[in-house]
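Each chain is listed here by its residues.
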Amino acid sequence: MLAGRCVGSVAETANRFIRQRCPHLLKFLPKNFGFGLGLDFRESSLIMNAKNQRKFAQNMVFNLAIGFHDLELTDMQKADAQGSIRKLSKYSMLIADTVLIQSGDEPPDIVTKHSVEWKDVSYFINEKNDKDIMPPQGKHYTPEQVESQSAIMSSRLRERSKACAPDRSSLARNEKQAELMQQKLSVKRSEKSSAWSQQGQLSSRADILEVDVYQSAGEYPRDLPSSEVYVDMQGQVLFAPINGSQVPFHISMIKNAVQPDPDRTATYLRLNFFTPGQTASKDIAPATSKLIEQHGHNSMFIKEMLYRSRESQRLTAAHRMIQELRKRFRQHAAKAAEEADLIPQEKLVKMRDQRIPRMADLTMRPFISGKKTTGTLEAHTNGLRFTSKKHEIVDIMYGNIKHSLFQPCENEVMVLIHFYLKNPVLVGRKKSQNVQFLTEVVDASVALDSARRSMYDPDELDEEQRERQLRKKLNEMFKEFCKKMERVAKHHRFHLEFDIPYRDLGFHGVPNREMVLIQPTVRCLVNLTETPFFLVELDRVEHIHFERCTFRSKNFDMIIILQNFDVLPLSINAVPMNELDAIQEWLTDCSITYTAGQASMSWKSVMNLVKGDPRFYEETDEHGESKPAGWQFLQADDNHDGNEEEDDGDEDYSAGDDDDEDEDEEDEDEEEDDEEDVNGDDDEDDDALDWDAMEASAQ
């Protein structure tokens, strides 16, 4: 559709394209491909068919409509369809848009500026087969009565369905969970042999590298004294004289060096070493611990040595150098452990040939220099670059992004973009696998004046209105920037797709230190507003267990067991009990198995037992006796405990009844005694003298 070309060329080109690519669809192609827009909505002289010989001109506007008519549905397609689609035999589809003809050889401008991705233009309709409500025979109602009667009936049916829905959904959910559990067991049993073989290979490959500083005694330092404690700072070795010979000890084997109080004649230096059987200290390096464990059964170890010298300066200098060398070694080991899983990134290629998508005044978390970091985020050819106001640079490659999330500002104080990386990157001096860019809509803390403000205060109403407008503006800006990043990444053959958390499925819990809103996404379970960030990938979840699920509890704990059993399960504490059904329904939809129990468990011990049990997913143990397979033992133990508690409750109730009966009997006996006392008093009153008799007796 270029200026100067024939209008009928559109139909000819479309027919030629379909004939080459999909010749079986040619008979379903319509004859007209749209029409021109002018004084009339549909200009009869500008219909785009093969017979129209008019020319395109600049600034002409056309409604381009492309589609297929009366496509036939096969039986297989009907079987895979849902709802009323199964009743159809034919269907049609049409895609239309408004285009503006440009000058020269410029392509036409598509007027509708909207994403054409399938996730942005598709939606599903929930079809309900509602039966018409007919009045009884012999009765005639007005239209208003029929409408009111149908409303009443529908409300009653709705209430009945709501009353029956929990039982039905719970039953269906339990059946689905049983099916998922059986599928998991079958898959794990098939993978068991290969997993154990791989574990054996990994354990055999995990050989410990020996510490080898000197190949021979000839490589010792030349200025090594024969009878003094000497520290080689370059080789990280301590030379200790033993029977006139210098014996080297690597600094990683020294537990501590202590200099006791000197006496009148000499100064002392005590050296303590790591030995087998000691409690693991936090100062010991992992490699040293493995070396001690490897050689602990067939080697001799020195636990302690004490040196005495009359010259205090030498031992004091040696003690100071040992402490300095131990400090350097710990810093080097910590840095090596920090950078162990860091993978060098490719160099960022800046975009030169087009306008760079850019967003300014963003705050980055984690902070680069320990304080609030504000700067600009740019999208380039193969990655993103964040430049702070202090000219600090952090690059994130598209290929290193595993999950990209966009959380709009609805009830939060910020709108943010979050990236979860495949491999961590250095942010400042620390590695991080989560990088976030945000803008605060309102301050997290607001200083309130002592004076009260009326709810009808115009200043307060204007402030709320400005805040709503700012939220809407920032949400649109961030959403448009995410779409620009997706287009740039797709243009350079990278996959980048932003996911938005489902706030309607969110629930409150305590994953770290405070109560936060945890929201699921398509692939993750996240909380991105509070630090430290909480993000769990659903494809790495092995099983979910709910602790403290009793009728008396107001909340429960959600334990997330990962597929890597070496990592301790994650815990989300204090989840409200009314969220349990919704969470279980969501887990069932995600095909994740779960169990529920009443007791809290020591998960470190549980995971050690699971890792050491080769028949964990089998229904029998090594002796052939039956046992719960997989994670079903959590549910089995809880059911057993629940039955015991129910029995105890019955016993308590019967005992209470007996006590009540005894108390009633005692009350009756007391009432009878009171009645007897009262009757006795009446008899005594009958035998008593009156006043006249008493006066006569007194005279």
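For the structure itself, consult the block above.
Residues numbered from 1 in each chain as written. Predicted model: local features only at pLDDT ≥ 70, side-chain atom pairs only at ≥ 80, totals over all residues. Heavy atoms only, no water.

(A) Geometry of the overall build of the protein. Of regular secondary structure, the protein possesses 11 helices and 26 strands. Contacts in the protein between residues far apart in sequence, at least 24 positions, make up 55% of those at least 6 positions apart. When the accessible surface of the protein is summed, it comes to about 47400 Å², and 49% of that surface belongs to carbon and sulfur atoms. (Helix = DSSP H or I, 4+ residues; strand = E, 2+ residues; numbered from the N terminus. Contact = heavy atoms within 4.5 Å. Areas by Shrake-Rupley, 256 points an atom, 1.4 Å probe, with all protein chains shown as cover.)

(B) Region of interest: the side chain of Lys184. Topologically, Lys184 is positioned in helix α4 (residues 143-205). As a buried residue without a salt bridge, Lys184 has its nearest oppositely charged side chain in Glu542, at a separation of 4.1 Å. Those residues in contact with Lys184 that lie beyond four places of it in its chain are Glu542 and Thr593. (Buried < 20%, exposed > 50% of the residue type's maximum accessible area, 1.4 Å probe, protein only. Lys, Arg positive; Asp, Glu negative; His and termini not counted. Salt bridge = Lys/Arg side-chain N within 4 Å of Asp/Glu carboxyl O.)

(C) Here's a closer look at the pairing of strand β9 (residues 267-273). Counting buried positions along β9 yields six of seven residues, so the element is predominantly enclosed. Where strand β8 (residues 254-258) and β9 come together, four bridges link them in antiparallel fashion. Each residue of the ladder has a partner; that of Asn256, found in β9, is Asn272. (Pairing = 2+ DSSP bridges.)

(D) Structural view of the sheet that holds strand β12 (residues 373-379). In spatial order, the strands read β14-β13-β12-β11-β17-β16-β15-β18; together these eight strands make up an open sheet with mixed pairing. Because the sheet does not close on itself, it has two edges, and the strands there are β14 (393-397) and β18 (498-499). Relative to strand β13 (residues 383-388), β12 is paired through five bridges, and the arrangement is antiparallel. Its bridge partner lying in β13, Gly375 is registered against Ser388.

(E) Structural detail: the sheet that holds strand β3 (residues 90-100). In space, the four strands of this open sheet follow the order β1-β2-β3-β4, with antiparallel pairing throughout. The outermost strands of the open sheet, each flanked by one partner alone, are β1 (34-37) and β4 (109-110). As judged from the 10 bridges shared by strand β2 (residues 61-72) and β3, these two strands associate in the antiparallel manner. Each bridged residue has a counterpart across the sheet, and for Glu72 the counterpart in β3 is Lys90.

(F) Quick peek at the pattern of salt bridges. Applying the stated criterion to the full structure yields 17 salt bridges. The partner of Glu585 in a salt bridge is Arg173, and the shortest N-O contact between them spans 3.0 Å. Residue Glu585 is found in helix α8 (residues 580-589), and its partner Arg173 is found in helix α4; the two are separated by 412 residues along the sequence. On the basis of relative accessibility, which here comes to 31%, the residue Glu585 falls in the partly exposed class. Measuring nitrogen to oxygen at the nearest pair gives 3.9 Å for the salt bridge that ties Arg503 to Glu410. Taken as a pair, Arg503 in the loop between β18 and β19 (507-509) and Glu410 in the loop between β15 (401-407) and β16 (414-427) lie far apart in primary sequence, 93 residues in all. A residue is classified by how much of its surface remains accessible, and Arg503, at 24% relative accessible area, is partly exposed. Each of Arg173, Asp581 and Glu585 takes part in a single network of salt bridges with overlapping partners.

(G) View of the environment of Val213. One can find Val213 in the loop between α4 and β5 (230-232). Considering only alpha carbons, one finds Val213 and Pro248, 35 residues apart in sequence, at a separation of 9.5 Å. When sequence neighbours within four positions are dropped, the list of residues in contact with Val213 reads Glu219, Gly235, Val237 and His250.

(H) How the structure looks around the packing of aromatic side chains. Counted under the stated rule, the structure contains 18 aromatic pairs. Ring geometry for Tyr214 against Tyr220: centres 5.3 Å apart, planes inclined by 75 degrees, an arrangement best described as edge-to-face. Residue Tyr214 is classed as buried on the basis of its relative accessible area, which comes to 16%. Judged by relative accessible area, which is 23%, Tyr220 ranks as partly exposed. Ring geometry for Phe419 against Phe498: centres 5.9 Å apart, planes inclined by 65 degrees, an arrangement best described as edge-to-face. With Phe419 in strand β16 and Phe498 in strand β18, this pair connects stretches of sequence that are 79 residues apart. Summarising the burial analysis for this pair, Phe419 and Phe498 share the class buried. Among the aromatic side chains, those forming a connected cluster through ring pairs are Phe565, Phe616, Tyr617, Trp631 and Phe633. (Phe/Tyr/Trp six-rings, centres within 6.5 Å; stacked < 30°, edge-to-face > 60°.)

(I) Molecular detail of the environment of Asp223. Among the structural elements, Asp223 can be located in the loop between α4 and β5. Residue Asp223 is classed as exposed on the basis of its relative accessible area of 54%. There is a polar contact of 3.3 Å between the side chain of Asp223 and the side chain of Tyr230. (Polar contact = N/O pair within 3.5 Å; in protein donor to acceptor, adjacent residues only side chain to side chain.)

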